[in-house]
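Residue-level structure breakdown
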Amino acid sequence: MLVSVVIPCYNSEKSIQDVVRMVMEEFRRLPDYTCEFVLVNDNSRDRTFEKIRELCREYSNVKGINLMRNFGQHNALMAALHYVSGDLILGMDDDLQTHPSQISKLLFKIAEGYDLVYGIYEKRKNSAVKNLSSKLNEVTSRLLLGRPREIHSSNFWIITRAVAEEVVKYPGFSPYIDGIFYRTTHNIGNVVVEHHKREYGTSNYTFKKLLKLWMAYWNYSVIPLRISSIFGGISACVGFVLAVATVLRKLFLDPAMPMGWPSLICTILIFFGIVLLVLGIIGEYLGKILLTINHTPQYIIRETLNVEDRGEQPAKTPSPGE
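First, a word on scope: everything that follows refers to the structure included in this document.

Conventions adopted
Residues numbered from 1 in each chain as written. Predicted model: local features only at pLDDT ≥ 70, side-chain atom pairs only at ≥ 80, totals over all residues. Heavy atoms only, no water. Buried < 20%, exposed > 50% of the residue type's maximum accessible area, 1.4 Å probe, protein only. Helix = DSSP H or I, 4+ residues; strand = E, 2+ residues; numbered from the N terminus. Pairing = 2+ DSSP bridges. Right-handed = clockwise from strand over helix to strand, strands pointing away.

The next subject is the pairing of strand E4 (residues 88-91). Here E4 shows a buried face lined by Leu88 and Leu90 and a second buried face lined by Ile89 and Gly91. With four bridges joining them, strand E1 (residues 2-9) and E4 adopt parallel strand pairing. Within E4, the residue paired with Ser4 across the bridge is Ile89. Relative to strand E6 (residues 157-160), E4 runs antiparallel, the two sharing four bridges. Among the inter-strand pairings, Leu88 is bridged to a residue of E6, identified as Thr160.

Next up on the list: the pairing of strand E2 (residues 34-41). Two faces belong to every sheet, and in a regular strand the side chains alternate between them. Among the eight residues of E2, seven are classified as buried, and the element is accordingly described as predominantly covered. By the bridge criterion, eight bridges tie E1 to E2 in an arrangement that is parallel. Each bridged residue has a counterpart across the sheet, and for Leu2 the counterpart in E2 is Thr34. In this fold, the crossover linking E1 to E2 by way of helix H1 (residues 16-28) has right-handed handedness. Bridging between E2 and strand E3 (residues 62-67) involves five bridges; their strand directions are parallel. Paired with Val40 across the bridge in E3 is Ile65.

Next comes the structure, spelled out in structure tokens:
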């Protein structure tokens, strides 16, 4: 069985060759499986693509894709999925935190009949900020994306060919791989794997990138719009009740009660703040619609290596009339 290993690469010149060779060594211990690699360079600032080029010269089962600019991890994964040939597709990182020694656990678990298996970690070896953001993502993905409560996600996953063929149909400019997985299948499994320390450098995810990734959840849910409607309804009801209470108090309990500016200003600030929050949520959705209509590209490929000209081309983003 052929397993396509897809790896988005960013500033990983020191680690990517080690990752590929260690994965190959692991597959030599698995006689029922063979592997290929699809390595996507997400416009790294170092010599990552030169290292990928060397791997492609050395190994015929390594495909290299060089993106024209930095599109982000999930866009790079979408690019990789358009070039896979395997019966199974394995996603992992380029920094040896998703360690090749754990691959067999995912392979044996998906053999039980799952469409998707995540490797989950007993103990994450990330910074406190990254662990906190991961916890927030877990809660948010369950509420907004419909992730089953008992399932946990990670960057270490394996899917069937059938799932991959559905995932690549998504044409949006801002994909979130896990969100597409959840709307494709709920036949999902978890298996415990070891989380290794990063061998080189630090995480490339800044606060800005983490926030942008979190905002990508909104592409797959209308729940924020519903929440904004609830906020609007609650604020309107509270305002009405307070207005009635104020009038009744003025008429029957305390005719001398001053109707001062402080209470009015506070009320205005509260309710206009809610209005602006709701408008911001609506504006975010309208902005995403505008970018989609304008055919903002999911990714742009500058160069490919070891890719046969046999229809392995990325799906074109459909125009509104198609």
